[in-house]
Amino acid sequence: MRIGIDASFLEPAARYTGMGVYTAGLLQGLADLGLRLSAAQTQQLNDYLGLIQKWTRVYNLTAVRDEEDMLTHHVLDSLSVIAPLGRALSAMALDHSPQVLDVGSGGGLPGVVMAIARPDILVTCVDTVAKKAAFIQQVAAQLPLPNLQGVHARVETLAGPYDLICSRAFASLSDFTAWSRQALGPSGVWLAMKGKTPTVTSSIFMRPTPATTLSTVPTGGVTKPIELLMMNSTPK
């Protein structure tokens, strides 16, 4: 059963129609996930989805083309990590703005969504495909998101240090952590989004915690689990 949308937490501007074709679905998803975003942030998510659609027609940023599927499979999927991300960063008690690296970001998922939902976080999206890194730069300039940058590089060449390194269906856990380990800060953590529970076999993990379903994402009235594995490295 679908729950009603309580938009009382949004700025008044968010209650008018015309914010974007995704507004109703976004508000429902935010309510389902227990997230509160401003009208400006909701508009940025709408605009971001519009940019993905526009660029995908030419550059094939994503295989998902349907508007509703883009919302549920990409944005709401990425929004499901915002609360766990916040808890992880809060536990670090950092004395600087958190630095997050999104590896194999593609069209900016989840990195762009993180940058929108958490403007206090500095997000770098890295991809080996130049057109995808260029798309992130365009998103950062157009929305605008001064806390976001796209980098065309291999993750192995980045020095960091980053407080959190994330990926979404990027590679195996062992490859993801091996390729990005040099960029992880001393007290940093990896965050891997998987569609199913991964098996942790590598010896690099200090705490091989089983992946835990932290959120369920609404997908056209059907919920799907997002498996989220958070790890830190052993001392070098």
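None of the values given here were measured: they were computed from a predicted structure.

S.K.: For this particular structure, what's the right way to read helix α1 (residues 23-33)?
M.R.: Residue pairs spaced three or four apart in an α-helix point in one direction, given the helix's 3.6 residues per turn. All buried positions along α1 are accounted for by Thr 23, Leu 26, Leu 27, Gln 28, Gly 29, Leu 30 and Leu 33. Two residues or fewer past α1, Gly 34 is found with a positive phi of approximately 70°.

S.K.: Just checking my understanding: could you explain the environment of Asp 120 for this structure?
M.R.: Inspection of the secondary structure puts Asp 120 in the loop between α5 (111-117) and β2 (122-127). Given the relative accessible area of 37%, Asp 120 is considered partly exposed. For Asp 120, the contacting residues outside a window of four places in its chain are Ser 97 and Pro 98. A polar contact of 2.7 Å, which involves the side chain of Asp 120, links it to the side chain of Arg 118.

S.K.: Before we go on, may I ask you to explain the pairing of β2 in this structure?
M.R.: Regular strands have side chains that alternate between both faces of the sheet. A large share of β2 lies buried, amounting to five of its six residues. Two strands pair when backbone bridges link them, and strand β1 (residues 99-103) and β2 are joined in this way by five bridges, in the parallel orientation. From the neighbouring strand, Gln 99 faces β2, where its bridge partner is Leu 122. The parallel pair β1 and β2, bridged by α5, forms a crossover whose chirality is right-handed. In this structure, β2 lies alongside strand β3 (residues 148-152), joined through five bridges in parallel fashion. Its bridge partner being in β3, Thr 124 is matched across the sheet by Gln 149. This β-α-β element, β2 to helix α6 (residues 130-142) to β3, shows right-handed connectivity.

S.K.: How do you make sense of the pattern of salt bridges when you look at a structure like this?
M.R.: Close approach of charged atoms lets side chains of opposite charge pair. If you walk through the whole model with that rule in mind, you get three salt bridges. Salt-bridge contacts for Asp 120 lead to Arg 118; the nearest nitrogen and oxygen are separated by 2.7 Å. In this structure, Arg 154 and Glu 156 form a salt bridge, with 3.3 Å as the shortest nitrogen-oxygen distance.

S.K.: Mind showing me how you'd approach the packing of helix α2 (residues 39-59) against α6 here?
M.R.: What describes two packed helices is the angle between their axes and the distance between those same axes. Two elements in contact, α2 and α6, have axes separated by 11 Å at closest approach and are oriented at 150°. In terms of axis orientation, α2 runs roughly antiparallel to α6. α2 and α6 meet at a crossing whose hand is right-handed. Residues Tyr 48, Leu 51, Ile 52, Trp 55 and Tyr 59 of α2 form the contact with α6, whose participating residues are Lys 131, Ala 134, Phe 135, Gln 138, Val 139 and Gln 142. The class makeup of the residues in the contact of α2 with α6 is eight nonpolar, two polar and one charged.

What counts and what doesn't
Residues numbered from 1 in each chain as written. Predicted model: local features only at pLDDT ≥ 70, side-chain atom pairs only at ≥ 80, totals over all residues. Heavy atoms only, no water. Buried < 20%, exposed > 50% of the residue type's maximum accessible area, 1.4 Å probe, protein only. Helix = DSSP H or I, 4+ residues; strand = E, 2+ residues; numbered from the N terminus. Contact = heavy atoms within 4.5 Å. Polar contact = N/O pair within 3.5 Å; in protein donor to acceptor, adjacent residues only side chain to side chain. Pairing = 2+ DSSP bridges. Right-handed = clockwise from strand over helix to strand, strands pointing away. Salt bridge = Lys/Arg side-chain N within 4 Å of Asp/Glu carboxyl O. Axes fitted to C-alpha atoms, helices over the stretch in contact; angles between N-to-C directions. Parallel < 35°, antiparallel > 145°, perpendicular 65-115°, else oblique. Left-handed = near helix turned anticlockwise from the far one by under 90°. Nonpolar A, V, L, I, M, F, W, Y, C, P; charged D, E, K, R; others polar.

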